Amino acid sequence: MSRAPRLEIEYCTQCRWLMRAAWTAQELLTTFPKELGEVALVPSTGGIFDISLDGELLWSRKAEGGFAEIPLLKQMVRDRIAPDRQLGHSDRKAAE
């Protein structure tokens, strides 16, 4: 059974990024407990750390040259699933 919207965090097991992926998932699930239908951690290799929402790539560590800051990632997710929602300190922090 699929629940929408579905957020995927594909992470490199060789790089041992499971904890980073789990922390990112926790941050997003805490911020969007009713808006996100599912968050999946997808093991991969080759230095990948990609975050996708319903198949749309939001962030790629390789393409962007680093990991996404959580406030920016929350804004990107919010803009797609709850555009009228205020994020409080995350809105202010990402704007600085």
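What comes next concerns the included structure. (Residues numbered from 1 in each chain as written. Predicted model: local features only at pLDDT ≥ 70, side-chain atom pairs only at ≥ 80, totals over all residues. Heavy atoms only, no water.)

**With respect to the pattern of salt bridges**
As a working rule, side chains carrying opposite charge can pair if their charged atoms are close by. Tallied over the full model, the rule gives 6 salt bridges. Of the charged contacts, one joins Arg6 and Glu38 as a salt bridge, the two residues approaching to 3.3 Å between their closest N and O atoms. Residue Arg6 is located in strand β1 (residues 6–12), and its partner Glu38 is located in strand β2 (residues 38–44); the two are separated by 32 residues in the primary sequence. Overall, Glu38 belongs to the partly exposed group, its relative accessible area being 25%. Measuring nitrogen to oxygen at the nearest pair gives 3.1 Å for the salt bridge that ties Glu56 to Arg80. Note that Glu56 is positioned in strand β4 (residues 56–60) and Arg80 in helix α3 (residues 70–81), a separation of 24 residues in sequence. (Salt bridge = Lys/Arg side-chain N within 4 Å of Asp/Glu carboxyl O. Helix = DSSP H or I, 4+ residues; strand = E, 2+ residues; numbered from the N terminus. Buried < 20%, exposed > 50% of the residue type's maximum accessible area, 1.4 Å probe, protein only.)

**Section: the sheet that holds β1**
Taken together, 4 strands build an open sheet; the order of strands is β2-β1-β3-β4 and the sheet is mixed. The open sheet has two edge strands with one neighbour each: β2 and β4. Looking at each pair of strands side by side, their axes are set apart by 20° on average, direction ignored. With 4 bridges connecting them, strand β3 (residues 49–53) and β4 associate as antiparallel partners. Counterpart to Ile51 in the pairing with β4 is Trp59. Sitting on the sheet, α3 touches β1, β3 and β4, and the angle it makes with β4 is about 170°. (Pairing = 2+ DSSP bridges. Axes fitted to C-alpha atoms, helices over the stretch in contact; angles between N-to-C directions. Contact = heavy atoms within 4.5 Å.)

**Some words on helix α1 (residues 18–31)**
In this model α1 runs 20 Å from its N-terminal to its C-terminal C-alpha over 14 residues, within 8% of the 20 Å that 1.5 Å per residue would give. All of the buried residues along α1 are Ala21, Thr24, Ala25, Leu28 and Thr31. The arc that holds every buried residue of α1, seen down its axis, measures 135°, which confines them to one face. Exposed positions of α1 whose direction lies more than 90 degrees from the buried face are Met19 and Thr30. (Expected span 1.5 Å × (residues − 1). Arc of directions from axis to C-beta.)

**Observations regarding unusual backbone geometry**
Within the chain, Arg16 stands out as a residue other than glycine whose phi angle is a positive 60°. Although it is not a glycine, Asp54 adopts a positive phi angle of roughly 50°. By secondary structure assignment, the location of Asp54 is in the loop between β3 and β4. Look at Asp54 and you get exposed, because its relative accessible area is 52%.

**Considering the pairing of β1**
As paired strands, β1 and β2 are joined by 7 bridges and run parallel to one another. Bridging from a neighbouring strand, Ile9 pairs with Leu41 of β2. Regarding topology, α1 serves as the crossover connection from β1 to the parallel β2, and that connection is right-handed. When β1 meets β3, the two strands line up antiparallel, connected through 5 bridges. (Right-handed = clockwise from strand over helix to strand, strands pointing away.)

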